[in-house]
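Coordinate analysis (summary)
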Amino acid sequence: MKHSIAKSIMALALAFSASAAYAELPQQLYMIGDATVAEWDCDNPLELTKESDTKFTITTNLFVGEFKFPWVKGGAMWSSKTYMPMNNGAEVGTAGLSADNREFYLSPNGQPDEKWKVTTAGRYQITLNLENSGEFGTIDVKYLGECANMIYMLGSAVGKWDSTGGKALIEEGDGKYVWEGTIGYSDEDKCLKFCETRGNWDQVTFFVPDHVDYNGNVLKIAPGTYDYMESTEYVNNQGGNLKDWFWGVEEGKTGKYRVTVDTNTKKMSLDLIELYAFDKDNVNELYMLGLAAESFNSEEPLAMTALGDGRFSWKGTLNYNTNDGDDNHANKQFKFCTPKGAWNQVYYLVPLAATADGYIEKVGEGTYPLKDCTWLYGQQGVDAFFGVNEGVDEEYTVTVDTRAMNVTLSKSISTNAIEGIETSRATAEAVYTLQGVRVYGDNCPAGLYLVKYSDGSVRKIRK
């Protein structure tokens, strides 16, 4: 009775919630919490199997800890629709759930933060049955026995380095363990390795490449199958042959992969699901950031002029002494991004030589190579800029060729070096070569030109 009353009160409260929008069923459901192998990683929660519009199931290992069921994954998870127990802390154990703890409700914004609590680690089968409104439902939990076998993944792909807390992978049968997620290239490139159990580094067995070819501790690989060797610090209390080695991917090959470890054959397989690469041949919009653009915000960058064929331009003054009040921005004249959006959701074009945040490449007239970088998909970008030499205060045209991955700076035609006598403040109407051929644009080669002004005068200038 008390739960029916609680449900009625909850329904009444939700009905008056301005943020509640029901009569909707989830397209997908996820499971997250420190009781799961996903832990609290909102980008990689466990995904439930959708049996029907109102039924979702999952069979998984659970540890002592907590869990709940959000509708979405990613950073928006924490403030989005989430299924939570009617009784916060409802206990899950070998007997499953008690009858008075089977009901759950939908929070429209993830609050209050209420969760189920696992009291006994093991293998569980969980079924969520939703009401047609999507507002409420019941959960069935069945204890299947001890946890299935696990190994543990370490490296930049999972953001875990300590063998006492590696990313748990559950055996899917016949000695095979599978993980799917983003593997991103970096200069260090220590993407993944495994340990057989959790424990101190000198008390566990690691699964590592049988040789390395990069930085003395990484084997760079492409999709395929590779032998691994077992490596440990101590064997029968004798000195071992510990190798702190990793697998990594080639530069430009960041993407979503499936990793399969077969402990029977001692092999690791890598399969590409989706490549996350900057498509330099199909850039339709490009923006400038930095002092020249008067913006360091990738959500409000300065749009460059599209010239076609992947080329974009900007014309303005580059001044070494420009100051926006932030000392950290000194001489950070420009870099580029596409599209516009949050800092970790766009690609940046920066100097090719940039390897560390704060790098500034000083440039003048000429062409300079670019590289792309991003914080998308867990990749590690670099916050670098182009600058100018001390004393520079001139007008330039900056042209980016995304297909060639370079940027060209050319000085705009100016009257700073007039050979002759200054006359009135007339405006320039046309520019000619000394042979009388009219020229257009700001990308004329250096030399002497004749400029016709609105007052009828003609002056010779040096570009």
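Since we're looking at a predicted model, the values are computed, not measured. (Residues numbered from 1 in each chain as written. Predicted model: local features only at pLDDT ≥ 70, side-chain atom pairs only at ≥ 80, totals over all residues. Heavy atoms only, no water.)

1. So, the overall build of the chain
Along the chain, the regular secondary structure elements total 1 helix and 40 strands. Across the chain, every contact between residues at least 6 apart in sequence was considered, and the portion connecting residues at least 24 apart equals 66%. For the chain, the computed accessible surface area is about 22,900 Å², with 45% contributed by carbon and sulfur atoms. (Helix = DSSP H or I, 4+ residues; strand = E, 2+ residues; numbered from the N terminus. Contact = heavy atoms within 4.5 Å. Areas by Shrake-Rupley, 256 points an atom, 1.4 Å probe, with all protein chains shown as cover.)

2. Remarks on unusual backbone geometry
Following Gln-111, the chain continues into Pro-112 via a peptide bond in cis, with omega recorded as -5°. Structurally, Pro-112 can be placed in the loop between strand 9 (103-107) and strand 10 (116-118). Along the chain, Thr-338 connects to Pro-339 via a cis peptide bond; the corresponding omega equals -15°. Note that Pro-339 resides in the loop between strand 29 (335-338) and strand 30 (347-351). Backbone geometry places Asp-174, a non-glycine residue, at a positive phi of 55°. Inspection of the secondary structure puts Asp-174 in the loop between strand 14 (167-173) and strand 15 (176-183). Asp-174 sits in the exposed class, given a relative accessible area of 58%. We note that Asp-309 has phi near 55°; this positive angle belongs to a residue other than glycine. When you line up the elements, Asp-309 lands in the loop between strand 27 (305-308) and strand 28 (311-319). For Asp-309, a relative accessible area of 59% translates into the label exposed. (Buried < 20%, exposed > 50% of the residue type's maximum accessible area, 1.4 Å probe, protein only.)

3. Quick word on the layout of surface pockets
Here the largest pocket is characterised by a volume of approximately 1,600 Å³. Lining the largest pocket are 50 residues, with Asp-43, Asn-44, Trp-179, Glu-180 and Gly-181 positioned closest to its centre. Mapped onto the lining of the largest pocket, the elements with two or more residues apiece are strand 2 (46-47), strand 4 (55-62), strand 14 and strand 15. Looking at side-chain class alone, the lining of the largest pocket contains 22 nonpolar, 16 polar and 12 charged residues. Per-element tally for the lining of the second largest pocket: the top contributor is strand 32 (residues 366-374), with 4 residues. Of the residues contributing to the lining of the second largest pocket, the split by class is 9 nonpolar, 8 polar and 7 charged. (1 Å grid on protein atoms, 1.4 Å probe; cavity = no way out; pocket = protein on both sides within 12 Å on 5 of 7 lines; lining within 4 Å. Points joined across faces, edges and corners; volume = space filled by probe spheres on them. Nonpolar A, V, L, I, M, F, W, Y, C, P; charged D, E, K, R; others polar.)

4. Some details on the pattern of salt bridges
Going through the model one piece at a time under the given rule, you end up with 19 salt bridges. The partner of Lys-81 in a salt bridge is Glu-24, and the shortest N-O contact between them spans 2.6 Å. Of this pair, Lys-81 sits in the loop between strand 6 (69-70) and strand 7 (82-85) while Glu-24 sits in the loop between helix 1 (2-15) and strand 1 (30-31), placing them 57 residues apart in sequence. Residue class for Glu-24 comes out partly exposed when judged on its relative accessible area of 37%. Put simply, Lys-50 and Asp-53 hold a salt bridge, and the shortest N to O gap is 3.7 Å. Through salt bridges that share partners, Glu-39, Lys-160 and Arg-198 make up one connected network. (Salt bridge = Lys/Arg side-chain N within 4 Å of Asp/Glu carboxyl O.)

5. Quick word on the environment of Thr-54
Residue placement: Thr-54 occurs in the loop between strand 3 (49-52) and strand 4. With 76 residues separating them along the chain, Thr-54 and Leu-130 place their C-alpha atoms 4.7 Å apart.

6. Some thoughts on the pairing of strand 24 (residues 267-275)
Examined bridge by bridge, strand 19 (residues 224-231) and strand 24 share 4 bridges and lie antiparallel to one another. Across the sheet, the residue bridging to Thr-225 is Ser-269, located in strand 24. Relative to strand 24, strand 23 (residues 255-262) is paired through 8 bridges, and the arrangement is antiparallel. When the sheet's bridge partners are listed, Lys-256 is paired in strand 24 with Glu-274. Count of turn residues in the strand 23/strand 24 antiparallel hairpin: 4 residues, of which Lys-266 carries a positive phi of about 55°. (Pairing = 2+ DSSP bridges.)

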